[in-house]
Amino acid sequence: MKRWGVVLIVLLGFGVWKTPVERSLWAQQKAEGFHAAQWNLGMRDQVGQMGFVAALGGFRALVADVLWVRAGAAFERREWGRLKLLLDSVTQLQPRSVIFWRMAHDHMAYDAALDARHDPLEHNDFVKRKAEREYLRIGEQFLLNGLKFNPESALLYECLGNLYSRRMGDPAKASEAYAFSAQKPGAMGYVARFAIYESAKVPGREKEAYAQLCELYRRGQRFETVIRLLRKLEAKLEIPAAQSIFQTANADPAQGTLAP
């Protein structure tokens, strides 16, 4: 009996010591995104039993790289459904890897979506457009999910702006995404300008966008797109010729560049 009593005391003591250590470790791992992955049967199907155990055992990066190679093979075979599942697993395993989120979005919103649009085996245009829109939404969701774990990523916000502007036709969301990108470390110099370009396309924002474009022009950023949008907004806002930015800035409106 004494022996069992000693064992019980040791176990209780170990439990008391172990609990705060586990809590601290869990909090640290959660802060780093290690518990973001959805450990489910879908992921187990993708990595196999040994891979699933390896991921749980701390070899997440290695398992993610293996799945990325498989994703490349699925891409080459245009197996978009399987590719999406593999990309889900890769991004869940490595939620702090911006490149995985960006590439997952590229594969869905561009590769899969464009393939659906031009699918030679599908003759119904409605079905093609529906499939394309679905892949666009999947690509969008990859970026939104990626930003949950990488909120300071200028690149992911820029990709989101590009997606809204070039593929989904939503200038309001595009302007917002570009503006967020411009505020993040390492942002490209053009994204703040792109935010203004998109804002100029949103009904009701013409005056605000015109003022911002005029400021760009005064600062010497006389790009072709700036000049084109200024002319368009001046006509829409019915600004008198004498008050045109091209007159008040005392500059030649033709001095644009081929840069955007």
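Just above, that's the structure.
Since we're looking at a predicted model, the values are computed, not measured.

The rules behind each value
Residues numbered from 1 in each chain as written. Predicted model: local features only at pLDDT ≥ 70, side-chain atom pairs only at ≥ 80, totals over all residues. Heavy atoms only, no water. Salt bridge = Lys/Arg side-chain N within 4 Å of Asp/Glu carboxyl O. Helix = DSSP H or I, 4+ residues; strand = E, 2+ residues; numbered from the N terminus. Buried < 20%, exposed > 50% of the residue type's maximum accessible area, 1.4 Å probe, protein only. Axes fitted to C-alpha atoms, helices over the stretch in contact; angles between N-to-C directions. Parallel < 35°, antiparallel > 145°, perpendicular 65-115°, else oblique. Left-handed = near helix turned anticlockwise from the far one by under 90°. Contact = heavy atoms within 4.5 Å. Nonpolar A, V, L, I, M, F, W, Y, C, P; charged D, E, K, R; others polar.

S.K.: Explain the pattern of salt bridges to me, and be specific about the residues and the numbers.
M.R.: Taken as a whole, this structure holds eleven salt bridges when the rule is applied. Between Arg102 and Asp106 there is a salt bridge, with its nearest N and O atoms 2.9 Å apart. With Arg102 and Asp106 both in helix α5 (residues 98-117), this residue pair falls four residues apart, about one helical turn. By relative accessible area, Arg102 is classed as partly exposed at 27%. Ionic pairing is found between Glu152 and Lys184, a salt bridge with its closest N-O pair at 3.4 Å. Placement of the pair is Glu152 in the loop between α6 (125-149) and α7 (154-167) and Lys184 in the loop between α8 (171-182) and α9 (191-199), with a sequence separation of 32 residues. Assessed through its relative accessible area of 48%, Glu152 is described here as partly exposed.

S.K.: Could you give an account of the packing of α7 against α8, naming the residues involved and the relevant values?
M.R.: For the pair α7 and α8, interaxial distance at closest approach is 8 Å and the crossing angle is 165 degrees. It follows from the interaxial angle that α7 and α8 lie roughly antiparallel. Regarding α7 and α8, the two cross each other, and that crossing is left-handed. When α7 is examined against α8, the residues Ala154, Tyr157, Glu158, Leu160, Gly161, Asn162, Tyr164 and Ser165 are found in contact with a partner set consisting of Lys173, Ala174, Ala177, Tyr178, Phe180 and Ser181. Per-class residue counts for the contact of α7 with α8 are eight nonpolar, four polar and two charged.

Fair warning: the whole summary comes from geometry, so function is off the table for now.
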